[in-house]
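Survey of secondary and tertiary structure
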Amino acid sequence: MTPVFRFAPSPTGLLHLGHAASASAVWRAAEAIGGRVLLRIEDIDPQRSKAKFATAIEEDLAWLGFRWDGPVVRQSERFDFYAAALSRLDAKGLLYPCRLSRADIAAAAPPAAARDPDGAVRLPLGGARPADPDGPAAHRLNMAKALGALGDERLFWREEGVGAIEARPEFWGDVVLARKETPTSYHLAVVVDDAAQGVTHVVRGRDLYEATAVHRLLQRLLDLPEPAYRHHPILLAPDGGKLSKSRGSPSLRSLRAEGWSREDVLRAVGAA
Ligand code: GLU
(Lines give C-alpha, C1' and ligand atoms only; values in the text may rest on other atoms or scores of the structure.)
Protein backbone atom coordinates (compact mmCIF):
# COMPACT_ATOMS: atom_id res chain seq x y z
CA MET A 1 0.00 0.00 0.00
CA THR A 2 1.42 3.41 -0.96
CA PRO A 3 1.91 5.65 2.09
CA VAL A 4 -0.17 8.83 1.95
CA PHE A 5 1.05 12.13 3.39
CA ARG A 6 -0.61 15.52 3.35
CA PHE A 7 0.29 19.18 3.60
CA ALA A 8 -2.58 21.09 5.17
CA PRO A 9 -2.00 24.84 5.37
CA SER A 10 -4.60 27.39 6.43
CA PRO A 11 -5.03 30.16 3.81
CA THR A 12 -4.89 33.01 6.30
CA GLY A 13 -1.82 34.71 4.87
CA LEU A 14 1.09 34.25 2.50
CA LEU A 15 3.47 31.36 3.11
CA HIS A 16 6.72 32.24 4.89
CA LEU A 17 9.91 30.31 5.63
CA GLY A 18 8.19 28.34 8.40
CA HIS A 19 5.76 26.92 5.86
CA ALA A 20 8.61 26.11 3.48
CA ALA A 21 10.30 24.19 6.31
CA SER A 22 7.10 22.32 7.07
CA ALA A 23 6.36 21.54 3.41
CA SER A 24 9.88 20.30 2.93
CA ALA A 25 9.56 18.03 5.99
CA VAL A 26 6.37 16.54 4.51
CA TRP A 27 7.71 16.01 0.99
CA ARG A 28 11.05 14.66 2.17
CA ALA A 29 9.39 12.18 4.52
CA ALA A 30 7.12 11.04 1.67
CA GLU A 31 10.00 10.72 -0.77
CA ALA A 32 11.97 8.67 1.73
CA ILE A 33 9.37 5.89 1.65
CA GLY A 34 7.84 6.35 -1.80
CA GLY A 35 4.68 8.03 -0.49
CA ARG A 36 2.20 10.37 -2.17
CA VAL A 37 1.49 13.87 -0.87
CA LEU A 38 -1.99 15.42 -0.91
CA LEU A 39 -2.71 19.12 -0.55
CA ARG A 40 -5.56 20.15 1.73
CA ILE A 41 -6.56 23.76 2.22
CA GLU A 42 -7.86 24.21 5.78
CA ASP A 43 -10.27 27.06 5.15
CA ILE A 44 -13.06 26.43 7.64
CA ASP A 45 -12.65 29.84 9.27
CA PRO A 46 -14.73 32.19 7.08
CA GLN A 47 -13.30 35.32 8.72
CA ARG A 48 -9.61 34.53 8.36
CA SER A 49 -9.45 32.35 5.21
CA LYS A 50 -9.08 34.08 1.83
CA ALA A 51 -9.30 32.50 -1.63
CA LYS A 52 -6.38 34.64 -2.79
CA PHE A 53 -4.14 33.07 -0.13
CA ALA A 54 -5.22 29.56 -1.19
CA THR A 55 -4.21 30.41 -4.76
CA ALA A 56 -0.91 31.84 -3.54
CA ILE A 57 -0.21 28.62 -1.56
CA GLU A 58 -0.53 26.55 -4.73
CA GLU A 59 1.70 28.90 -6.68
CA ASP A 60 4.36 29.10 -3.97
CA LEU A 61 4.47 25.31 -3.49
CA ALA A 62 4.79 24.81 -7.24
CA TRP A 63 7.61 27.39 -7.33
CA LEU A 64 9.38 25.48 -4.55
CA GLY A 65 9.07 22.33 -6.65
CA PHE A 66 6.64 20.52 -4.35
CA ARG A 67 4.09 18.57 -6.41
CA TRP A 68 0.96 17.13 -4.88
CA ASP A 69 -1.13 14.25 -6.03
CA GLY A 70 -4.70 14.65 -7.28
CA PRO A 71 -7.09 17.55 -6.79
CA VAL A 72 -6.68 20.04 -3.94
CA VAL A 73 -9.16 19.35 -1.16
CA ARG A 74 -10.84 22.38 0.42
CA GLN A 75 -12.35 21.96 3.85
CA SER A 76 -14.93 24.68 3.13
CA GLU A 77 -16.50 22.23 0.63
CA ARG A 78 -16.74 19.41 3.16
CA PHE A 79 -19.02 20.72 5.90
CA ASP A 80 -21.53 17.88 5.29
CA PHE A 81 -18.92 15.31 6.26
CA TYR A 82 -18.07 17.16 9.48
CA ALA A 83 -21.79 17.44 10.28
CA ALA A 84 -22.17 13.68 9.82
CA ALA A 85 -19.28 12.99 12.21
CA LEU A 86 -20.72 15.46 14.70
CA SER A 87 -24.10 13.69 14.57
CA ARG A 88 -22.45 10.38 15.31
CA LEU A 89 -20.84 11.80 18.43
CA ASP A 90 -24.12 13.47 19.37
CA ALA A 91 -25.99 10.18 18.95
CA LYS A 92 -23.59 8.70 21.53
CA GLY A 93 -24.57 11.51 23.92
CA LEU A 94 -21.05 12.95 23.93
CA LEU A 95 -21.82 16.55 22.92
CA TYR A 96 -23.48 19.50 24.60
CA PRO A 97 -24.30 22.98 23.34
CA CYS A 98 -22.33 25.81 24.90
CA ARG A 99 -22.69 29.54 24.40
CA LEU A 100 -19.82 30.65 26.61
CA SER A 101 -16.96 32.49 24.94
CA ARG A 102 -13.35 32.03 26.04
CA ALA A 103 -13.67 35.36 27.83
CA ASP A 104 -16.84 34.22 29.70
CA ILE A 105 -15.03 31.07 30.84
CA ALA A 106 -11.95 32.98 31.94
CA ALA A 107 -14.07 35.52 33.84
CA ALA A 108 -15.97 32.83 35.75
CA ALA A 109 -12.88 30.74 36.57
CA PRO A 110 -10.98 30.82 39.87
CA PRO A 111 -7.50 32.43 39.62
CA ALA A 112 -5.66 29.09 39.60
CA ALA A 113 -8.01 27.41 37.11
CA ALA A 114 -6.46 24.73 34.90
CA ARG A 115 -5.47 25.75 31.38
CA ASP A 116 -5.40 23.71 28.20
CA PRO A 117 -2.15 23.14 26.27
CA ASP A 118 -2.92 26.27 24.21
CA GLY A 119 -3.11 28.34 27.40
CA ALA A 120 -6.88 28.86 27.45
CA VAL A 121 -8.77 28.46 30.75
CA ARG A 122 -10.44 25.05 30.78
CA LEU A 123 -14.02 24.29 31.76
CA PRO A 124 -13.96 22.00 34.82
CA LEU A 125 -14.13 18.37 33.65
CA GLY A 126 -17.57 17.00 34.39
CA GLY A 127 -18.06 19.79 36.95
CA ALA A 128 -20.37 22.77 37.29
CA ARG A 129 -20.20 25.26 34.46
CA PRO A 130 -21.17 28.91 34.47
CA ALA A 131 -24.67 29.46 33.08
CA ASP A 132 -24.90 29.93 29.33
CA PRO A 133 -25.74 33.38 28.02
CA ASP A 134 -28.22 33.69 25.11
CA GLY A 135 -27.24 33.37 21.47
CA PRO A 136 -25.90 30.79 19.04
CA ALA A 137 -24.28 27.72 20.56
CA ALA A 138 -21.01 25.93 19.93
CA HIS A 139 -20.85 22.18 20.52
CA ARG A 140 -18.37 20.81 23.00
CA LEU A 141 -17.24 17.27 23.61
CA ASN A 142 -18.10 16.08 27.11
CA MET A 143 -14.56 14.90 27.82
CA ALA A 144 -15.38 13.09 31.08
CA LYS A 145 -18.11 11.11 29.33
CA ALA A 146 -15.98 10.41 26.26
CA LEU A 147 -13.18 9.04 28.42
CA GLY A 148 -15.71 7.15 30.50
CA ALA A 149 -16.91 5.44 27.30
CA LEU A 150 -13.39 4.05 26.85
CA GLY A 151 -13.39 2.49 30.31
CA ASP A 152 -9.89 1.34 31.27
CA GLU A 153 -8.53 1.55 27.76
CA ARG A 154 -5.50 3.81 27.41
CA LEU A 155 -4.96 5.62 24.12
CA PHE A 156 -1.64 5.91 22.31
CA TRP A 157 -0.40 7.36 19.07
CA ARG A 158 2.73 6.38 17.16
CA GLU A 159 5.27 9.18 16.93
CA GLU A 160 7.80 8.23 14.28
CA GLY A 161 11.32 7.94 15.58
CA VAL A 162 10.04 7.97 19.17
CA GLY A 163 7.48 5.22 19.65
CA ALA A 164 4.11 5.01 21.36
CA ILE A 165 2.99 8.22 23.08
CA GLU A 166 0.13 8.10 25.53
CA ALA A 167 -2.69 10.44 24.47
CA ARG A 168 -4.05 12.46 27.40
CA PRO A 169 -6.94 14.41 25.87
CA GLU A 170 -8.26 15.31 29.33
CA PHE A 171 -5.70 18.12 29.43
CA TRP A 172 -7.81 19.87 26.80
CA GLY A 173 -11.06 19.69 28.78
CA ASP A 174 -14.35 19.88 26.89
CA VAL A 175 -12.97 20.80 23.46
CA VAL A 176 -15.15 22.69 20.99
CA LEU A 177 -16.01 20.45 18.02
CA ALA A 178 -18.34 22.86 16.24
CA ARG A 179 -18.06 26.61 16.57
CA LYS A 180 -20.84 29.16 16.76
CA GLU A 181 -19.89 30.70 13.44
CA THR A 182 -18.77 27.57 11.60
CA PRO A 183 -20.26 24.08 12.04
CA THR A 184 -16.96 22.30 12.72
CA SER A 185 -13.60 22.92 14.37
CA TYR A 186 -9.98 22.26 13.48
CA HIS A 187 -9.89 19.05 15.57
CA LEU A 188 -12.99 17.50 14.01
CA ALA A 189 -12.22 18.51 10.41
CA VAL A 190 -8.62 17.28 10.52
CA VAL A 191 -9.59 13.87 11.87
CA VAL A 192 -12.46 13.40 9.43
CA ASP A 193 -10.33 14.46 6.46
CA ASP A 194 -7.20 12.49 7.34
CA ALA A 195 -9.42 9.40 7.38
CA ALA A 196 -11.41 10.33 4.24
CA GLN A 197 -8.21 10.98 2.30
CA GLY A 198 -6.59 7.75 3.47
CA VAL A 199 -3.71 9.62 5.12
CA THR A 200 -1.26 7.14 6.66
CA HIS A 201 1.42 9.64 7.79
CA VAL A 202 0.82 13.03 9.38
CA VAL A 203 3.93 15.22 9.35
CA ARG A 204 3.34 18.64 10.91
CA GLY A 205 4.79 21.19 13.31
CA ARG A 206 5.59 20.57 16.95
CA ASP A 207 2.97 23.18 17.85
CA LEU A 208 0.30 20.56 17.08
CA TYR A 209 1.87 17.77 19.15
CA GLU A 210 -0.52 18.14 22.11
CA ALA A 211 -3.54 18.39 19.80
CA THR A 212 -2.77 14.85 18.65
CA ALA A 213 -4.25 13.56 21.91
CA VAL A 214 -7.64 14.97 20.93
CA HIS A 215 -7.26 13.65 17.38
CA ARG A 216 -6.51 10.16 18.66
CA LEU A 217 -9.57 10.26 20.91
CA LEU A 218 -11.82 11.40 18.05
CA GLN A 219 -10.44 8.66 15.79
CA ARG A 220 -11.26 6.14 18.49
CA LEU A 221 -14.78 7.49 19.08
CA LEU A 222 -15.53 7.63 15.34
CA ASP A 223 -13.86 4.27 14.51
CA LEU A 224 -11.38 5.88 12.14
CA PRO A 225 -7.96 4.45 11.28
CA GLU A 226 -4.96 6.01 13.03
CA PRO A 227 -2.12 7.47 10.97
CA ALA A 228 1.47 7.61 12.21
CA TYR A 229 2.62 11.06 13.33
CA ARG A 230 5.81 13.03 13.13
CA HIS A 231 5.98 16.49 14.66
CA HIS A 232 8.89 18.47 13.33
CA PRO A 233 10.58 21.33 15.22
CA ILE A 234 9.24 24.79 14.42
CA LEU A 235 11.55 27.06 12.48
CA LEU A 236 12.09 30.19 14.57
CA ALA A 237 12.84 33.76 13.51
CA PRO A 238 16.45 34.94 13.95
CA ASP A 239 15.41 36.59 17.26
CA GLY A 240 14.15 33.23 18.55
CA GLY A 241 10.47 34.25 18.24
CA LYS A 242 7.72 32.74 16.13
CA LEU A 243 7.75 33.33 12.39
CA SER A 244 4.51 35.02 11.47
CA LYS A 245 3.07 37.68 9.27
CA SER A 246 2.09 39.79 12.27
CA ARG A 247 5.73 39.78 13.44
CA GLY A 248 6.91 40.96 10.05
CA SER A 249 8.34 37.65 8.78
CA PRO A 250 8.90 38.00 5.05
CA SER A 251 6.66 35.95 2.77
CA LEU A 252 8.19 33.55 0.28
CA ARG A 253 6.94 35.81 -2.51
CA SER A 254 8.67 38.86 -1.12
CA LEU A 255 11.92 36.87 -0.78
CA ARG A 256 11.45 35.72 -4.36
CA ALA A 257 10.90 39.33 -5.50
CA GLU A 258 14.17 40.22 -3.75
CA GLY A 259 15.92 37.65 -5.89
CA TRP A 260 15.90 34.53 -3.70
CA SER A 261 15.88 31.29 -5.68
CA ARG A 262 14.07 28.12 -4.72
CA GLU A 263 17.45 26.71 -3.59
CA ASP A 264 18.06 29.77 -1.39
CA VAL A 265 14.75 29.14 0.37
CA LEU A 266 15.41 25.43 0.83
CA ARG A 267 18.90 26.15 2.12
CA ALA A 268 17.54 28.74 4.57
CA VAL A 269 15.18 26.14 6.05
CA GLY A 270 17.90 23.53 6.24
CA ALA A 271 16.44 21.41 3.46
CA ALA A 272 19.09 21.70 0.75
N1 GLU B 1 -3.94 23.82 9.13
C2 GLU B 1 -3.00 23.67 10.18
C3 GLU B 1 -2.00 24.79 10.16
O4 GLU B 1 -1.81 25.42 9.13
C5 GLU B 1 -2.23 22.36 10.12
C6 GLU B 1 -3.08 21.22 10.42
C7 GLU B 1 -2.39 19.88 10.53
O8 GLU B 1 -1.33 19.67 9.90
O9 GLU B 1 -2.93 19.02 11.21
O10 GLU B 1 -1.39 25.05 11.18
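Our subject is the structure that appears above.
What comes next concerns the included structure. (Residues numbered from 1 in each chain as written. Predicted model: local features only at pLDDT ≥ 70, side-chain atom pairs only at ≥ 80, totals over all residues. Heavy atoms only, no water.)

Section: the site of the ligand
Our working definition: Definition of nearness: a residue and a molecule or strand are near each other if at least one heavy atom of the residue lies within 4 Å of the molecule or strand. Within 3.5 Å is the distance limit for a polar contact, defined as a pair of N or O atoms, with the added protein rule that one can donate a hydrogen and the other accept it, and that residues adjacent in sequence qualify only through two side-chain atoms. Per-residue and other accessible areas were derived by the Shrake-Rupley procedure at a 1.4 Å probe size, with only the shown protein chains allowed to occlude residues. Here the nonpolar group is Ala, Val, Leu, Ile, Met, Phe, Trp, Tyr, Cys and Pro; Asp, Glu, Lys and Arg are the charged ones; every other residue, Gly included, is treated as polar.
Near the ligand, the surroundings consist of Arg-6, Ala-8, Pro-9, Ser-10, Glu-42, Tyr-186, Val-190, Arg-204 and Leu-208. Contact distances for the ligand include 2.7 Å between a nitrogen atom and a backbone N or O atom of Ala-8. In the environment of the ligand, an oxygen atom lies 2.8 Å from a nitrogen or oxygen atom belonging to the side chain of Tyr-186. Protein contact buries 77% of the 300 Å² of open area that the ligand shows by itself. A class-by-class count of the residues in the shell around the ligand yields five nonpolar, one polar and three charged.

Comments concerning the sheet that holds strand S5 (residues 138–141)
Cut-off, in case you're wondering: The pairing criterion is simple: DSSP has to find at least two bridges between the two strands. Helix and strand labels come from DSSP, where a helix needs a run of H or I of at least four residues and a strand needs a run of E of at least two; each type is numbered from the N terminus. In this description, a line fitted to the C-alpha atoms serves as the axis of each element, helices being fitted only across the stretch in contact, and the angle between N-to-C directions of two axes falls anywhere from 0 to 180 degrees.
Taken in spatial order, the three strands of this open sheet run S4-S5-S8, and their pairing is antiparallel. The open sheet terminates on both sides in strands that have one partner only, identified here as strand S4 (95–98) and strand S8 (176–178). Taking each pair of neighbouring strands and ignoring which way they run, the sheet shows an average axis angle of 45 degrees. Of the pairings in the sheet, the one linking S4 to S5 comprises four bridges and is antiparallel in character. What sits directly across from Cys-98, in S5, is Ala-138.

A word on the side chain of Ser-185
Here is the rule: Summary of the burial criterion: residues with accessible area below 20% of their type's maximum are buried, those above 50% are exposed, and those between are partly exposed, where the area comes from a 1.4 Å probe applied to protein chains only.
Along the chain, Ser-185 turns up in the loop between S8 and helix H6 (186–196). Residue classification places Ser-185 among the buried residues on the basis of a relative accessible area of 1%. A distance of 3.1 Å separates a polar atom in the side chain of Ser-185 from the backbone oxygen of Val-176.

Overview of helix H3 (residues 79–91)
Rules: Multiplying 1.5 Å by the residue count of a helix minus one yields the expected span of that helix. Regarding the arc, it is the one traced by the directions from the helix axis to the C-beta atoms.
An ideal rise of 1.5 Å per residue puts 18 Å on 13 residues; H3 measures up with 18 Å between its terminal C-alpha atoms. All of the buried residues in H3 are Tyr-82, Ala-85, Leu-86 and Leu-89. Down the axis of H3, the smallest arc covering the buried residues is 100 degrees, so these residues share one side. Turned more than 90 degrees off the buried face of H3, the exposed positions are Asp-80 and Ala-91. Gly-93 sits one or two residues past H3 and shows a positive phi near 75 degrees.

Side note on the environment of Arg-204
The condition is simple: The contact criterion used throughout is that any non-hydrogen atoms of two residues lie within 4.5 Å.
Relative to the helices and strands, Arg-204 resides in strand S9 (residues 201–205). Residues in contact with Arg-204, not counting those within four places in the same chain, are Arg-6, Tyr-186, Val-190, Thr-212, His-215, Tyr-229, Arg-230, His-231 and His-232. In terms of polar contacts, Arg-204 uses its side chain to reach the side chain of His-231, at 3.1 Å.

A closer look at the nonpolar core
Heads up, the condition is: Note on terminology: a nonpolar core comprises buried Ala, Val, Leu, Ile, Met, Phe, Trp, Tyr and Cys residues joined through side-chain atoms within 4.5 Å.
Within the largest apolar cluster, 37 residues are counted, with the highest numbers of intra-cluster contacts made by Leu-89, Leu-141, Leu-177, Leu-188 and Leu-217. For this core, the secondary-structure elements that each account for two or more residues are H3, helix H5 (143–150), S8, H6 and helix H7 (211–221). For this core, the element with the most residues is H7, which contributes six residues. Residues within four places of Leu-217 in sequence aside, it is in contact with Leu-141, Met-143, Ala-146, Leu-147, Leu-150, Leu-155 and Pro-169.

Observations concerning the packing of aromatic side chains
How we decide: Each Phe, Tyr or Trp ring, with Trp reduced to its six-membered ring, pairs with another whose centre is within 6.5 Å; inter-plane angles below 30 degrees give stacked pairs, above 60 give edge-to-face pairs, and intermediate values give tilted ones.
Per the counting criterion, the structure on display carries four aromatic pairs. Pairing Phe-79 with Tyr-82 gives two aromatic rings, centres 6.1 Å apart and planes at 85 degrees, and the pair type is edge-to-face. Taken together, the residues Phe-79 and Tyr-82, both in helix H3 and three residues apart, mark about one turn of the helix. Judged by its relative accessible area of 0%, Tyr-82 falls in the buried class.

Considering the pattern of salt bridges
Note the threshold: Every case where a carboxyl oxygen of Asp or Glu lies within 4 Å of a side-chain nitrogen of Lys or Arg is listed as a salt bridge.
With the rule as written, the count across this model stands at 17 salt bridges. Several salt bridges converge on common partners, so that one network encompasses Arg-6, Arg-40, Glu-42 and Asp-194.

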